Amino acid sequence: MSTQHPNASAADTRRRQYREYVVRRVAQALLVIALVYTLVFFTLFVLPGDPIENKLTSPLNPLPPAAGEALRAYYHFDLSPIEQFTLTVGRLLHGDLGYSLVSGRAVSDLVAQGFSDTIVLAGVAFVLTILLSLATALTAVYAPVRTIRSIAASAPIASISAPSFLIGFVLLAIFSFQLGWVSSVRDQGFVSYLLPALTLALAVNGPLTQVLIQGLRNAADEPFVTVLRAKGTSEVRIALGHVLKNGAIPSITMLALVVGELLAGAVVVEAVFTRTGLGFITFESVRDQDTPVILAVVILISSIYVGINLVTDLVYPILDPRIVRPGHARSRRSRLARPDVTTAVASGTAAPGGTPTKASVDA
Amino acid sequence: MTPTTRRRARLAAAALVAVSIALTGCSAASASSDADGGSLTYLDAEIPTSAQVQEAGTWQTRALQQNVTDRLLYRNAETGELEPWIADSWTVSPDGLTYTFVIRDGVTYSDGTDVDATSVAKNLNWQSAGDEAKGTTPNAQFPSGLVATPDDASSTVTVVLAAPYAPFLNVLTGWGSGLVADATIDASKEEQSKFVNLIGSGPFVVASETYGKEIVLDRRDGYAWAPPSSPNQGEAHLASVTVIPVQEDSVRLGTLKSGEADVIRYVQPSEEQGLVDAGYDIVSKTGVGLSNQWFLRSQAPFLDDVDVRKALLHAIDRDQIIETQYTDSWTPATSVLSPGTFGYVDESAKFAYDPDAANSLLDGAGWTERDADGYRTKGGERLTVKTYIDVYDNTAKSLFQQIQNQFKDVGIELSLNELDYSTYWATAFADPEVGALRVGWPHPDPSKGLSEYYGKDGSDLLGLAGSDTTLQSLLDAQNAATDDDTRAAILGQIQDHLIDQAYVVPILNDSQVFVTQQRVRGFSLTDGALPEFYNTSIED
């Protein structure tokens, strides 16, 4: 990069700046994943007990000492933590995630089974979350009756405080036990995803809806709405075509957080709906300290989080090139587009005064 | 699909189902009584993890193995007698070292290979030795150093032991002793972990599995080698059994009530009566083996005094526990062994609930002072016994709390501590402060469990390291006693000694509780309280 020609055009400079930015962000992302993996690996060593240890000492079904040694050797537990770490990382680089210490199954199979289930669940829940948030927010801002508006405006608080375990069980009791529309325990394909996805959507839509309501209210007060109204544009067109388009921008940033929430919420929801997704795999492996599975889940989930953030980071400069060029003027729109998410979540409102820096999105 | 087409599709499906029911109905009527007994949906409370034979420690795994594999001998759950199964007959040499089994003719594994002397010998050697190269451990119940030699010409297997091992025949009836085909033994450990690779000769075959989600057992065609006492001697009645683990109690129960499940394992004791009133059947049984008991560690604070330990025995009101927290499916423990177990002796008179006796024992031991909270003290120290709440028992927390209250009545503080599932063994059993912990699980033969828990070469839970020579010699003696009467007498002495020395506090007889729909017939439990689907059918 130091060989840059002094006559390089502005576009070249921008491209170079963007390339450097991409390299830096990708390297940061990989570093985060590697650190998380290392941290979790050694934390698991510090904690007491593991499935092999339990098998050796369990008065339930104990093993003679000689058999115990063989078993330790088979799983390489006889090596030092550093040696085991080297071995595990070496295998990981070859794409070998090893085998579960508890079920004996290939970790890649377990994680693939869990992930393929959860990705559909989270996907359906994601769509439902957006629909739910849009419906609630539009009602809260535009419903003709004041009471309906305030009910809709308080709905996010209700959904934040209702435990998803309860929501899930109530849905199950109604649609499965009473009406018999879907099975409570058998996998019936797509239909089986609807109730758990709805439970998840109800659990995570709160913060998103709050930000959306605030965004719509702010946008509805913008001067351009008065201009549109003066030009005779219909209220529905203003609401759906213009206010929504502008007012939804702050909540788009929140979608990345929603994805995280969906993955975290899956543990509870999968337990209620007897699903064997990533939440189930995570719960089981943590319960049994099944090290190879925990590590695989950790690396997968941290990659997803980091990946989503990375994509957001890489897309922003394309939408707004000033992000890679420090010291630019700030417009009201760019501040709106990059709200302080932390404050928005904590206070339940979008705070348009947030500084447009990376940190606010990472937080 | 639009709603209309979906409705049409559903109607079509319904019509198809109706027609097929009519058709199967016709064929069933014309066929023998062994015809299609329907498909049963069974909801277990836990997830079967690994199908690897020697590792099968968990209850839900055994339940599957029980129905997929056969064993050399069968132990009749009602009479307690040993019956022939895959072994037509057997003899034991007077020195207890040589066992000869005559193998039944015409038995095959579900992959078509023969269950012959060679295969049985291979199984026994594999169970005893494991397979170090594959990380396969020996079966903890089996004697080590066993050598099994087949003679296919005479269909016999000769087993020579390194030392007498009296529990051997009972162990061979156990869930962990299921015979499997070469294909299973020769597979890698990871392949053996899958239930579809568990190839047995049992009345059901694993047709499919999705880890943690569902295991489907199909009826084995041509099955004809049930134990002689079985009411069914042919193929299983049920065409299939779908096993679905559902860990949420309320979901399991709701699914049963909605009619979608036929049998579930475990309900909260508080739910049982309501289910009986609603017309469901409760099927429960205490498995053979050790009762739910607390061992007392004499090195723990204050428990070196036998009178203090005895006071603990008398301070527990077991009837009140059953009455307030459990149901008729459960019973108070009457010994270290559960009733129906080989060698069981009723010891209940020695540890009857008697707070007066407990109080005078403690007074005699010098615990006469009381502190502000009402607990006994001696030399400024409070009489505290530390324990951790058992993580394997859904009802443990309230049980432990009730015992805590009962102890308080006589001035003993029970300090309750909690650990999560994964750290329980490693932490609770290593804690030198721990005075009591819960143990006691089903075992096909009690002596193995007793030696394992309380012998110096086992887990030595009492921490005696063989210093109680009476106990140690009794534990050693019963392995060598091949004569049933002698062995039963020794087992009786062991139970006497454990109670007389107040090493063990029996609490209750653990039960496995199942709830079935009325349409389910012939659902029974083995001597180990495992479900047997072989004689089960569904009748509408």
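Parameters at a glance
Residues numbered from 1 in each chain as written. Chains lettered and ligands numbered in written order. Predicted model: local features only at pLDDT ≥ 70, side-chain atom pairs only at ≥ 80, totals over all residues. Heavy atoms only, no water. Helix = DSSP H or I, 4+ residues; strand = E, 2+ residues; numbered from the N terminus. Buried < 20%, exposed > 50% of the residue type's maximum accessible area, 1.4 Å probe, protein only. Areas by Shrake-Rupley, 256 points an atom, 1.4 Å probe, with all protein chains shown as cover. Lys, Arg positive; Asp, Glu negative; His and termini not counted. Charge placed at Lys NZ, Arg CZ, Asp CG, Glu CD. Pairing = 2+ DSSP bridges. Axes fitted to C-alpha atoms, helices over the stretch in contact; angles between N-to-C directions. Polar contact = N/O pair within 3.5 Å; in protein donor to acceptor, adjacent residues only side chain to side chain. Core = buried A, V, L, I, M, F, W, Y, C linked by side-chain atoms within 4.5 Å. Salt bridge = Lys/Arg side-chain N within 4 Å of Asp/Glu carboxyl O. Parallel < 35°, antiparallel > 145°, perpendicular 65-115°, else oblique. Left-handed = near helix turned anticlockwise from the far one by under 90°. Contact = heavy atoms within 4.5 Å. Nonpolar A, V, L, I, M, F, W, Y, C, P; charged D, E, K, R; others polar. Buried area = accessible area lost by both parts, 1.4 Å probe.

1. Structural notes on the overall build of chain B
Then comes step 1: Counting its secondary structure elements, chain B contains 16 helices and 26 strands.
Then comes step 2: Projected onto its principal axes, the C-alpha positions of chain B cover 80 × 65 × 40 Å.
Then comes step 3: Going through the 540 residues of chain B one by one, you find that 57% of them count as buried.
Then comes step 4: Total accessible area computed for chain B in this model is approximately 20,000 Å², and 50% of it derives from carbon and sulfur atoms.
Then comes step 5: Taking the 37 positively charged and 76 negatively charged side chains of chain B as two groups, their mean positions are separated by 6 Å.

2. A short note on helix α14 (residues 446-454) of chain B
Then comes step 1: Counting buried residues in α14 of chain B gives nine out of nine residues, a clear majority hidden from the surface.
Then comes step 2: Within α14 of chain B, the full set of buried residues consists of Pro446, Ser447, Lys448, Gly449, Leu450, Ser451, Glu452, Tyr453 and Tyr454 of chain B.

3. So, the sheet that holds strand β4 (residues 87-92) of chain B
Residues and elements named next belong to chain B.
Then comes step 1: The strand order β4-β5-β7-β6 describes an open sheet built from four strands, whose pairing is antiparallel. Each edge of the sheet is formed by a strand with only one pairing partner; in this case those strands are β4 and β6 (147-151). Averaged over neighbouring strand pairs, the angle between their axes works out to 20 degrees when direction is ignored.
Then comes step 2: Across five bridges, β4 lies against strand β5 (residues 98-103) in antiparallel orientation. Bridge pairing in β5 places Val92 opposite Tyr99.

4. Digging into the side chain of Asn232 of chain B
Then comes step 1: Here Asn232 of chain B lies in the loop between β9 (214-219) and β10 (240-245).
Then comes step 2: A polar atom in the side chain of Asn232 of chain B sits 2.9 Å from the backbone oxygen of Glu235 of chain B.

5. Description of the nonpolar core
Then comes step 1: Leu450, Tyr454 and Leu498 of chain B are the most contacted members of the largest nonpolar core, which totals 104 residues.
Then comes step 2: For this core, the element with the highest residue contribution is helix α8 (residues 191-220) of chain A, accounting for seven residues.
Then comes step 3: Core analysis: the second largest hydrophobic core is formed by 65 residues, Ala87, Phe142, Leu179 and Val520 of chain B among them.

6. Focus: the pattern of salt bridges
Then comes step 1: Under the definition given, this model contains 33 salt bridges over all chains.
Then comes step 2: Two residues, Glu20 of chain A and Arg16 of chain A, come together in a salt bridge whose shortest N-O distance is 3.4 Å. With Glu20 of chain A and Arg16 of chain A both in helix α1 (residues 10-46) and four residues apart, this pair spans about one turn of that helix.
Then comes step 3: A relative accessible area of 31% places Glu20 of chain A in the partly exposed class.
Then comes step 4: With a relative accessible area of 17%, Arg16 of chain A lands in the buried category.
Then comes step 5: Residue Glu418 of chain B is joined to Lys397 of chain B by a salt bridge in which the shortest nitrogen-to-oxygen separation is 3.2 Å. In this pair, Glu418 of chain B sits in the loop between β19 (413-417) and α13 (424-428) while Lys397 of chain B sits in helix α12 (residues 396-409), placing the two residues 21 residues apart along the sequence.
Then comes step 6: Given a relative accessible area of 53%, Glu418 of chain B falls into the exposed group.
Then comes step 7: Owing to a relative accessible area of 40%, Lys397 of chain B belongs among the partly exposed residues under this scheme.
Then comes step 8: Each member of the salt-bridge network shares a partner with another, and the members are Asp117, Asp187 and Arg275 of chain A together with Lys213 of chain B.

7. Considerations on the sheet that holds β9 of chain B
Residues and elements named next belong to chain B.
Then comes step 1: Strand order in the open sheet made by the seven strands is β8-β9-β10-β1-β11-β22-β12, with mixed pairing throughout. Looking along the sheet, the strands with just one partner apiece sit at the ends: β8 (204-210) and β12 (281-285). Each strand axis lies, on average, 20 degrees off the axis of its neighbour in the sheet, ignoring direction.
Then comes step 2: Where strand β1 (residues 39-44) meets β10, six bridges bridge the pair, whose relative direction is parallel.

8. Some thoughts on the pairing of β6 of chain B
Each regular strand displays side chains that alternate between the two surfaces of the sheet.
Residues and elements named next belong to chain B.
Then comes step 1: In terms of strand pairing, β6 meets strand β7 (residues 156-160) through five bridges, oriented antiparallel. When the sheet's bridge partners are listed, Ala148 is paired in β7 with Val159.
Then comes step 2: A loop of four residues connects β6 with β7, the two strands running antiparallel in sequence, and Ser155 in this loop sits at a positive phi of about 55 degrees.

9. A closer look at the packing of helix α6 (residues 146-161) of chain A against α8 of chain A
Residues and elements named next belong to chain A.
Then comes step 1: It is at 7 Å that the axes of α6 and α8 come closest, and there the two elements cross at 150 degrees. In terms of their interaxial angle, α6 and α8 are classed as roughly antiparallel. Where α6 crosses over α8, the handedness of that crossing is left-handed. Here α6 contributes Ala152, Ala153, Pro156, Ile157, Ser159 and Ile160 to the contact with α8, which in turn contributes Leu202, Ala203, Asn205, Gly206, Pro207, Thr209, Gln210, Ile213 and Arg217.
Then comes step 2: Classifying every residue of the contact of α6 with α8 gives nine nonpolar, five polar and one charged.

10. As for the environment of Phe302 of chain B
Then comes step 1: Positionally, Phe302 of chain B belongs in the loop between β13 (292-296) and α9 (306-314).
Then comes step 2: Spatially, the C-alpha atom of Phe302 of chain B lies 8.6 Å from that of Gly435 of chain B, the residues being 133 residues apart in sequence.

11. Observations concerning the interface of chain B and chain A
Then comes step 1: Contact residues are listed per partner, giving 55 residues for chain B and 45 residues for chain A.
Then comes step 2: The largest contributions to the chain B side of the interface with chain A come from Tyr211, Lys213 and Trp425 of chain B, which together make up 17% of the buried area.
Then comes step 3: In this assembly, chain B and chain A are joined by four salt bridges.
Then comes step 4: The shortest N-O distance in the salt bridge between Asp117 of chain A and Lys213 of chain B comes to 4.0 Å.
Then comes step 5: The interface formed by chain B and chain A contains twelve residue pairs in polar contact (both at pLDDT 80 or more).
Then comes step 6: The set of elements that each furnish at least two residues to the side of chain B that touches chain A consists of β1, α6 (189-192), β8, β10, α7 (249-257), α13 and α14 of chain B.
Then comes step 7: The leading source of residues in the side of chain B that touches chain A is α7 of chain B, at four residues.

12. Details of the environment of Leu47 of chain A
Then comes step 1: Tracing the backbone through its elements, the reader meets Leu47 of chain A in the loop between α1 and α2 (51-57).
Then comes step 2: Separated by 180 residues in the primary sequence, Leu47 of chain A and Val227 of chain A have C-alpha atoms spaced 64 Å apart.

13. Thoughts on unusual backbone geometry
Of all residues except glycine, most have a negative phi; of all peptide bonds, most are trans.
Residue and element names in this part refer to chain B.
Then comes step 1: Notably, Phe302 is not glycine yet its phi reads approximately 75 degrees, a positive angle.
Then comes step 2: For Phe302, a relative accessible area of 18% gives the class buried.
Then comes step 3: Positive phi outside glycine occurs at Ala465, with the angle close to 50 degrees.
Then comes step 4: Among the structural elements, Ala465 can be located in the loop between α14 and α15 (469-480).
Then comes step 5: You can call Ala465 exposed: its relative accessible area is 57%.

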